[in-house]
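Survey of secondary and tertiary structure
Listed below are the residues making up each chain.
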Amino acid sequence: MSFIAVIGGGISGLALAYRLRARGKDVVLLEGETRLGGNIQTRRRDGLVTEAGPNSFLDKEPATRELAAGVGVEGLIRAADPAAKARYLYTRGRLRSVPASPPAFLKSDILPLGARLRVMGELFTGRAASEMDESLGAFGRRHLGKVATSVLLDAVQTGIYAGDMDALSVGATFPQLSKLEREHRSLILGAIRTQKAQRKALPEGGSEKLRGALSTFEGGLETLVEGIARTLGPAVHTGAKVEGLVPGNGGWRVSVREHGRQAELMASQVVLATPAYVAAGLLRPLDEKLSALVESIAYAPIAVVHLVYAAGSTPPPDGFGFLVPSLEKRRLLGAIHASTVFPFRAEGGRVLYTCMVGGARRPDLVTLNEEALVTLAREELKELAGVTAAPVFTEVFRWTRGIPQYNVGHLGRIATIDAALARLPGLHLTGNAYKGVGINDCIRNAFALGDTLAG
Ligand SMILES: Cc1cc2nc3c(=O)[nH]c(=O)nc-3n(C[C@H](O)[C@H](O)[C@H](O)COP(=O)(O)OP(=O)(O)OC[C@H]3O[C@@H](n4cnc5c(N)ncnc54)[C@H](O)[C@@H]3O)c2cc1C
């Protein structure tokens, strides 16, 4: 029973199992579904690659590169097309390009003049009056003013969390902003100083590299999942749903329903790499308070609607895509110009829009049926981006608990969870609910835990 059981075969569990194996540990990965990947789900057919969940990652995380290299898919990393550089925001009645530099910001029409000047006034912002966790919205209004916060900052958080900026914790969702305030008082001043220091310390083009290229894999993100699965081989059990955990004999008895049959395994250590609400269920008989804390991590529902247009029926859109801040009161959170970003994902010059609907802002929309979601996405694309053609193919994915919401108090909650877990030796948690929602965060955190467990 010297093996470690990893429960959950999303990218967190897979990266952890890979790392443990690479560090010479025996590992068994138990995944409840018949497929691996969790949120990462790629569909490939007829020269079309669509993603049910995540679309891309920033190629700047060493752990992600190391994982891809270790499982033989590093050569399949594909960076976004240069045509995808521009980003757009829907505000004040039309799509406007997001300026890429401070001088361009001052000249742009992304915000009314008064709001742009208010942003420059950020240079004189004081530090927060207390060390208490603050919402992203409150933090933004203090630094950037009301308008810039509800247009720019809200759009940025929508693209990552699909959340409510007045509920999200700034320290948990954008720790780099809190750090800039702590160290430099003003975000603008902090950003200038950081850039200067980077330019000094890094070789030519180094800070570009630090930002990372938006990337996926040939064949979509599931290529990474497939590479890990091949490397782990028989250590991976799919269709193996974990139903209970009992401590004993210096380890853990794990009850599993594998392809309908009940089985028990004895593991020296167990890692729950499931969504928080599943982990909470497994923790309940062990520590009710801990379970309640884990269960209190909220999720925003989100629907993903793919609309594919025949070549020539609608102009290929410029840039990565657009986001819609909540003050616009639209039904779309945003859209990714997926075929502009990664042309190989829609062969033959077809145009693929990936529309996002719902989030913490409009959870009700995620309950619409597929037809209604396609109609909604088409109506919104027509009004916001002028797309009038009829799609030749549509596809809808609904995530009722899609993206974890790191609401105010999240960091304190995580510290309490960590302290409670320390009283259950050999039991650990990892996954997107705790210390970062992006693929890079999941892999980095899984690797760090793997290194700790491997000693
Ligand atoms: C619509 C959407 C778009 C996103 N876009 C991006 C993006 O572009 N870039 C980015 O970096 N991130 C993005 N994310 C976030 C990212 O996809 C996720 O945070 C990440 O994939 C989560 O991985 P995970 O392994 O922590 O969790 P999950 O993927 O949720 O995996 C958990 C696994 O546990 C399994 N499981 C559950 N219960 C049991 C049980 N009892 N026994 C065994 N197994 C169990 C599940 O079946 C699942 O496979 C997006 C997320 C969504 C939903």
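Just above sits the structure.
So, here is what we can say about the structure in this document. (Residues numbered from 1 in each chain as written. Predicted model: local features only at pLDDT ≥ 70, side-chain atom pairs only at ≥ 80, totals over all residues. Heavy atoms only, no water.)

Some thoughts on the sheet that holds strand 2 (residues 27-30)
Condition: Strand pairing is assigned whenever DSSP detects at least two bridges linking the two strands. Each helix is a run of H or I in the DSSP string that is no shorter than four residues. Each strand is a run of E no shorter than two, and both are numbered from the N terminus. In this analysis, two residues are considered to be in contact whenever any of their non-hydrogen atoms come within 4.5 Å of each other. Axis definition: a line fitted to C-alpha atoms, limited for helices to the stretch in contact. Angles are taken between N-to-C directions and run from 0 to 180 degrees.
With parallel pairing, 5 strands are arranged side by side in an open sheet as 10-2-1-14-20. For this open sheet the edge positions go to strand 10 (236-237) and strand 20 (427-429), each flanked by a neighbour on one side alone. As judged from the 3 bridges shared by strand 14 (residues 269-272) and strand 20, these two strands associate in the parallel manner. If you follow Leu-272 over to strand 20, its bridge partner there is Leu-429. In this fold helix 1 (residues 11-22) packs onto strand 1 (4-7), strand 2 and strand 14, with an angle of close to 170 degrees to the strand it touches most, strand 2.

Section: the site of the ligand
Let me state the cut-off plainly: Residues are classed as near a molecule or strand on a simple rule: at least one heavy atom within 4 Å of it. Any pair of N or O atoms that falls within 3.5 Å is considered a polar contact. Within protein, one atom must be able to donate a hydrogen and the other to accept it, and sequence-neighbouring residues count only if both atoms are side-chain atoms. Surface exposure here means Shrake-Rupley accessible area, sampled with a 1.4 Å probe, where a residue is shielded only by the protein chains that are shown.
The ligand sits among 34 residues. The nearest are Ser-12, Glu-31, Ser-56, Val-437 and Ile-439. A distance of 3.0 Å separates a nitrogen atom of the ligand from a polar backbone atom of Gly-32. Between the ligand and Asn-39, the relevant distance is 2.8 Å, taken from an oxygen atom to a main-chain nitrogen or oxygen of the residue. When the free accessible area of the ligand is taken as 1000 Å², the share hidden by the protein chains comes to 88%. Of all elements in the fold, only helix 1, strand 11 (240-248), strand 15 (298-309), strand 19 (393-405) and helix 17 (439-453) reach the threshold of two or more residues within the shell around the ligand. For the shell around the ligand, the leading source of residues is strand 11, giving 3 residues.

Regarding the pairing of strand 12 (residues 251-258)
Within a regular beta strand, the side chains point alternately toward one face of the sheet and then the other, so they alternate between its two faces. Where strand 11 meets strand 12, 8 bridges bridge the pair, whose relative direction is antiparallel. Each residue of the ladder has a partner; that of Pro-247, found in strand 12, is Trp-252. Between the end of strand 11 and the start of strand 12, which pair antiparallel, lie 2 residues, with Asn-249 showing a positive phi angle near 50 degrees. Here 7 bridges tie strand 12 to strand 13 (residues 261-267), and the two strands are oriented antiparallel to one another. Across the sheet, the residue bridging to Val-254 is Leu-265, located in strand 13. Connecting the antiparallel pair strand 12 and strand 13 is a turn made up of 2 residues, with His-259 showing a positive phi of about 50 degrees.

Details of the nonpolar core
Condition: To define a nonpolar core, start from buried Ala, Val, Leu, Ile, Met, Phe, Trp, Tyr and Cys residues and group those joined through side-chain atoms within 4.5 Å. To sort residues, take the accessible area from a 1.4 Å probe on protein chains only and compare it with the maximum for the residue type: under 20% means buried, over 50% means exposed, and anything in between is partly exposed.
Judged by nonpolar contacts, the single largest core of 36 residues is most densely connected at Val-6, Ile-11, Leu-67, Phe-217, Leu-224, Ile-228 and Ile-443. Breaking this core down by element, the ones donating at least two residues are strand 1, helix 1, strand 2, helix 2 (62-70), helix 11 (222-232) and helix 17. Those residues in contact with Ile-228, other than ones at most four positions away along the chain, are Ile-11, Leu-14, Tyr-18, Leu-67 and Val-71. Residues Ala-276, Ala-280, Val-294 and Ile-417 belong to the second largest nonpolar core, which totals 32 residues.

Focus: the packing of helix 5 (residues 136-144) against helix 6 (residues 146-161)
Stated precisely, the cut-off is as follows: Convention used here: angles under 35 degrees read as roughly parallel, angles over 145 as roughly antiparallel, angles from 65 to 115 as roughly perpendicular, and any remaining angle as oblique. Left-handed describes a crossing whose near helix is turned anticlockwise from the far helix through less than a right angle; right-handed describes the clockwise counterpart. Any residue that is not Ala, Val, Leu, Ile, Met, Phe, Trp, Tyr, Cys, Pro, Asp, Glu, Lys or Arg is counted as polar, Gly included; the first ten are nonpolar and the last four charged.
Between helix 5 and helix 6, the least distance of the axes is 8 Å, while the angle of their chain directions is 135 degrees. With respect to helix 6, the axis of helix 5 lies oblique. Here helix 5 runs over helix 6; the crossing is right-handed. Packed against helix 5, whose contacting residues are Leu-136, Gly-137, Gly-140, Arg-141 and Leu-144, the element helix 6 presents Lys-146, Ala-148, Thr-149, Leu-153 and Gln-157 at the interface. In terms of residue class, the contact of helix 5 with helix 6 is built from 4 nonpolar, 4 polar and 2 charged.

Topic: helix 1
Definition in use: Multiplying 1.5 Å by the helix residue count minus one yields the expected span of that helix.
Under the 1.5 Å per step criterion, the end-to-end length of helix 1 is 16 Å for 12 residues, consistent within 8% with the ideal 16 Å. Judged by how many residues are buried, helix 1 sits mostly within the fold: 10 of 12 residues are covered. Considered for burial, the residues of helix 1 that qualify are Ile-11, Ser-12, Gly-13, Leu-14, Ala-15, Leu-16, Ala-17, Tyr-18, Arg-19 and Leu-20. Contact partners of the buried residues in helix 1: strand 1, strand 2, helix 2, helix 11, strand 14 and helix 17.

Quick word on the side chain of Arg-19
Tracing the chain through its elements places Arg-19 in helix 1. By relative accessible area, which is 13% here, Arg-19 ends up buried. In contact with Arg-19, other than residues within four places in its own chain, are Glu-66, Phe-447, Gly-450 and Asp-451.

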